[in-house]
Amino acid sequence: MARQRPENFNLALDADSELGLVDQVSAALAQMIESGQLRTGERLPSVRQFASAQGISVSTTVEAYERLVATGLVLARRGAGFFVQQRDAARNAGRPVIPSNPMIDSAWLLSEVFADDRVPIKAGCGWLPNKLLDAEGLHLAERRAVRASATQQVGYGHPYGYVPLRQSIAQFLGRWALEVSLDQVVTTHGATQALDLIVRTMIKRGDTVLMEDPGYCNLLAILRLADVKVIGVPRLPTGVDIDALERLAREHRPKLFFTNPILQNPTGTSYTPACAMRVLQIAERHNFWVVEDDLYRELAQPTDPMLAALDGLQRVIYVGGFSKTIAPSLRMGFAACRPELARELARTKMALTLTSSELTERLVHTVLTEGHHRKHVERLSASLMTSQAHIGARLEKVGLIPFAAPRGGMFYWARLDRPDMSAREIADRALQKGIWLAPGEFFQLSEPAYPWFRFNVAYSDAPELIEFFRKL
């Protein structure tokens, strides 16, 4: 039979404290449980009994008890009350299960690394440090969301996405002379979902697609899951290998060509205007669609070409997002294309996930329109440009050979002149020193002759990283 302690706990509560009564009650009870004053299996006083004894409201007591349930310290039994949870179970509640030794492979790179805090130097990661993101704009948006009517935040939202945000996206694209209507824009759960929707909507098992080599590792994983034939088009410092694209398109008749023209992941390079025009001409000649992954557009130079603007979305499907400049946690992306194709993408989106989060889209819309974001992006771009030059110079001094001269953005792609070692072997060694590297094999369709690495310049200014390569 469960033990019960109905007497007054005599908690020292202060109604004038900056710490609310709910926080005070839950903290005091948590301390009693952790110290053993309240033992495993012991029944807490009823809500009304506790509220009366402490001179607080029933609602305050309910919220404090529920907070203890949420943290695993207390167990709620319907019709019986609240009971102290076993302390070992409580201590383990909510803790992520992390393998004892992280393995640098594609699965870890694509998933576990986001929750793995054991590697202090994340030189190979694909996101920006919190200090470089638009925290101020996001906080303002969150405060406005709290003040908004609850009826504006609880629905599913529109299948195409939040209308004011789609209007802002249309204005954003208009800066690069791409005119779109609202029925051409579909919001998604991040730019990666936009790529997945395109794959699911436009191609079937066994079809042939082209993608850049090296290219975006998540896209490569999506295409392999779709069981399509993936052929790589070599990436050059000036864009893609035009001759190879022409030849491969003629030989294989692909349905889609996936490209990341500006500040490409992983090489950090951008198309020249001539390359952009040639790609569109080849697509027209060989009748395939071009999927323009333009996630880094906000960080680009004003003169960098946009395929969708040059093409008018006739043969180009445009993918973008704001995770690199606002916050990756928001997971908000979009696709822009012909109206009839946008309708098909929205149907696929609804079949897979219903609508995207309108609450998230409202936050992004507020950040984009409150007047601070443009200046934030200017500062971020300048900071990354400086980091590119600084980190590139340091890595070259210790033997890394750059793919191309950096033009800004997050990524620096370089190799070692060590054909006797693979990038994975080197990454394993680095991991023992607390350094996470992103081996080139994760981004390349075939085994490279030399060990390539993608560096995130915002995380690579670490003496330990430079010393590791110097000794290597």
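Model, not experiment: these values are computed from the prediction.

**Student:** An account of the pattern of salt bridges is requested, with residue identities and associated values reported.
**Tutor:** Per the stated rule, a full pass over the model turns up 22 salt bridges. We note a salt bridge from Asp-417 to Arg-415, for which the minimum N-O separation is 3.9 Å. Look at Asp-417 and you get partly exposed, because its relative accessible area is 49%. Bridged by salt links that share partners, the residues Asp-23, Glu-63 and Arg-67 form one connected network.

**Student:** Lay out the pairing of strand E2 (residues 81-84) in plain terms, naming residues and giving numbers.
**Tutor:** Looking along a regular strand, one sees the side chains alternate between the two faces of the sheet. Relative to E2, strand E1 (residues 74-77) is paired through 4 bridges, and the arrangement is antiparallel. Across the sheet, residue Val-74 finds its bridge partner in E2, namely Val-84.

**Student:** Provide a residue-level description of the packing of aromatic side chains, including the pertinent values.
**Tutor:** Under the counting rule described, the total for this entry stands at 16 aromatic pairs. Seen in terms of ring centroids, Phe-403 and Trp-452 are 5.9 Å apart; in terms of plane orientation they differ by 75°. Their pairing is edge-to-face. Of this pair, Phe-403 sits in the loop between strand E11 (400-402) and strand E12 (411-416) while Trp-452 sits in strand E14 (residues 452-456), and the two are 49 residues apart along the sequence. Like Phe-403, the residue Trp-452 is buried in the burial classification.

**Student:** Requested: an account of the sheet that holds strand E9 (residues 316-321), with residues and values cited.
**Tutor:** One open sheet holds the 8 strands; their spatial order is E3-E10-E9-E8-E7-E4-E5-E6, and the pairing between them is mixed. The two strands at the open ends of the sheet, each matched to only one other strand, are strand E3 (185-188) and strand E6 (239-240). With 4 bridges joining them, E3 and strand E10 (residues 333-336) adopt antiparallel strand pairing. Of the residues in E10, the one forming a bridge with Thr-188 is Gly-333. Relative to strand E5 (residues 229-236), helix H10 (residues 242-252) is tilted by about 165°, and along the sheet it contacts strand E4 (208-213), E5, E6 and strand E7 (256-259).

**Student:** Tell me about the environment of Leu-165, and please be specific about residues and values.
**Tutor:** Relative to the helices and strands, Leu-165 is located in helix H7 (residues 163-174). Spatially, the C-alpha atom of Leu-165 lies 9.9 Å from that of Leu-182, the residues being 17 residues apart in sequence. Leave out the neighbours within four places in its chain, and Leu-165 touches Thr-187, Met-332, Glu-361, Val-364, His-365 and Leu-368.

**Student:** Explain unusual backbone geometry to me, and be specific about the residues and the numbers.
**Tutor:** Comment: phi is negative for the bulk of residues other than glycine, and the bulk of peptide bonds are trans. Residue Pro-214 follows Asp-213 across a cis peptide bond; omega there is 5°. Cis geometry is found at the peptide bond from Asn-265 to Pro-266, where omega equals 25°. Looking at where Pro-266 falls in the secondary structure, it is placed in the loop between E7 and helix H11 (273-286). The phi dihedral of Arg-253 is positive, around 50°, even though this residue is not glycine. As for its position among the elements, Arg-253 is in the loop between H10 and E7.

**Student:** Give me the nonpolar core: which residues, what numbers.
**Tutor:** For soluble globular proteins, the rule of thumb is that nonpolar side chains tend to be buried together. Leu-223, Phe-258, Leu-400, Leu-437, Phe-453, Phe-455 and Phe-469 are the most contacted members of the largest nonpolar core, which totals 66 residues. When residues of this core are assigned to their parent elements, the largest contribution, 7 residues, is made by helix H8 (residues 191-202). Each residue touching Leu-400, except ones within four places of it in the same chain, is listed here: Leu-395, Ala-414, Arg-415, Leu-416, Phe-453, Phe-455 and Phe-469. Leu-165, Val-180, Ala-249 and Phe-257 belong to the second largest nonpolar core, which has 46 residues in total.

**Student:** Go over the sheet that holds E12, please, and point to the residues and values.
**Tutor:** Spatial ordering of the open sheet is given by E11-E12-E14-E13, a layout of 4 strands whose pairing is antiparallel. Edge positions in the open sheet fall to E11 and strand E13 (438-439), since each of these has one partner strand only. Relative to E12, E11 runs antiparallel, the two sharing 3 bridges. Paired with Ile-401 across the bridge in E12 is Arg-415.

**Student:** Tell me about helix H1 (residues 21-35), and please be specific about residues and values.
**Tutor:** Look at H1: 21 Å from first C-alpha to last across 15 residues, which is about the 21 Å you get at 1.5 Å a residue. For H1, every residue scored as buried is listed here: Val-22, Gln-24, Val-25, Ser-26, Leu-29, Ala-30, Met-32 and Ile-33. Positioned one or two residues after H1, Gly-36 has a phi angle of 95°, which is positive.

**Student:** Could you give an account of the packing of H8 against helix H9 (residues 217-225), naming the residues involved and the relevant values?
**Tutor:** Orientation of H8 relative to H9, taken along the N-to-C sense of each, is 30°, at an axis distance of 10 Å. Between H8 and H9, the crossing angle belongs to the class labelled roughly parallel. You can see that H8 and H9 cross each other, and the crossing is right-handed. Residues Thr-192, Leu-195, Asp-196 and Val-199 of H8 form the contact with H9, whose own contacting residues are Asn-218, Leu-219, Ile-222 and Leu-223. Residue composition of the contact of H8 with H9, by class: 5 nonpolar, 2 polar and 1 charged.

**Student:** Please set out the side chain of Arg-235 residue by residue, giving values where relevant.
**Tutor:** Within the secondary structure, Arg-235 is located in strand E5. Polar contacts involving the side chain of Arg-235 include one to the side chain of Glu-212, which spans 2.5 Å. Polar side-chain contacts of Arg-235 include one of 3.0 Å to the backbone oxygen of Asn-260.

**Student:** Please provide a residue-by-residue account of the confidence of the model for the chain, values included.
**Tutor:** Close inspection of predicted coordinates is inappropriate in any region flagged by low pLDDT. Confidence in the prediction of the chain, expressed as mean pLDDT, is 88, and 89% of residues score 70 or more. Overall, residues 1-6 carries pLDDT values under 50, and its contacts beyond four positions in sequence, including any with other chains, amount to 18 contacts. In the predicted structure, residues 92-99 sits below a pLDDT of 50 and forms 7 contacts with residues beyond four places in sequence or in another chain.

**Student:** Please provide a residue-by-residue account of H8, values included.
**Tutor:** Along an α-helix, a turn takes 3.6 residues, which lines up residues three or four apart on a common side. Taking 1.5 Å of rise per residue, 12 residues should cover 16 Å, and H8 covers 17 Å from first to last C-alpha, within 8% of that figure. Burial runs high along H8: 9 of the 12 residues are buried.

Parameters at a glance
Residues numbered from 1 in each chain as written. Predicted model: local features only at pLDDT ≥ 70, side-chain atom pairs only at ≥ 80, totals over all residues. Heavy atoms only, no water. Salt bridge = Lys/Arg side-chain N within 4 Å of Asp/Glu carboxyl O. Buried < 20%, exposed > 50% of the residue type's maximum accessible area, 1.4 Å probe, protein only. Pairing = 2+ DSSP bridges. Helix = DSSP H or I, 4+ residues; strand = E, 2+ residues; numbered from the N terminus. Phe/Tyr/Trp six-rings, centres within 6.5 Å; stacked < 30°, edge-to-face > 60°. Contact = heavy atoms within 4.5 Å. Axes fitted to C-alpha atoms, helices over the stretch in contact; angles between N-to-C directions. Core = buried A, V, L, I, M, F, W, Y, C linked by side-chain atoms within 4.5 Å. Expected span 1.5 Å × (residues − 1). Parallel < 35°, antiparallel > 145°, perpendicular 65-115°, else oblique. Left-handed = near helix turned anticlockwise from the far one by under 90°. Nonpolar A, V, L, I, M, F, W, Y, C, P; charged D, E, K, R; others polar. Polar contact = N/O pair within 3.5 Å; in protein donor to acceptor, adjacent residues only side chain to side chain. pLDDT = per-residue confidence, 0-100.

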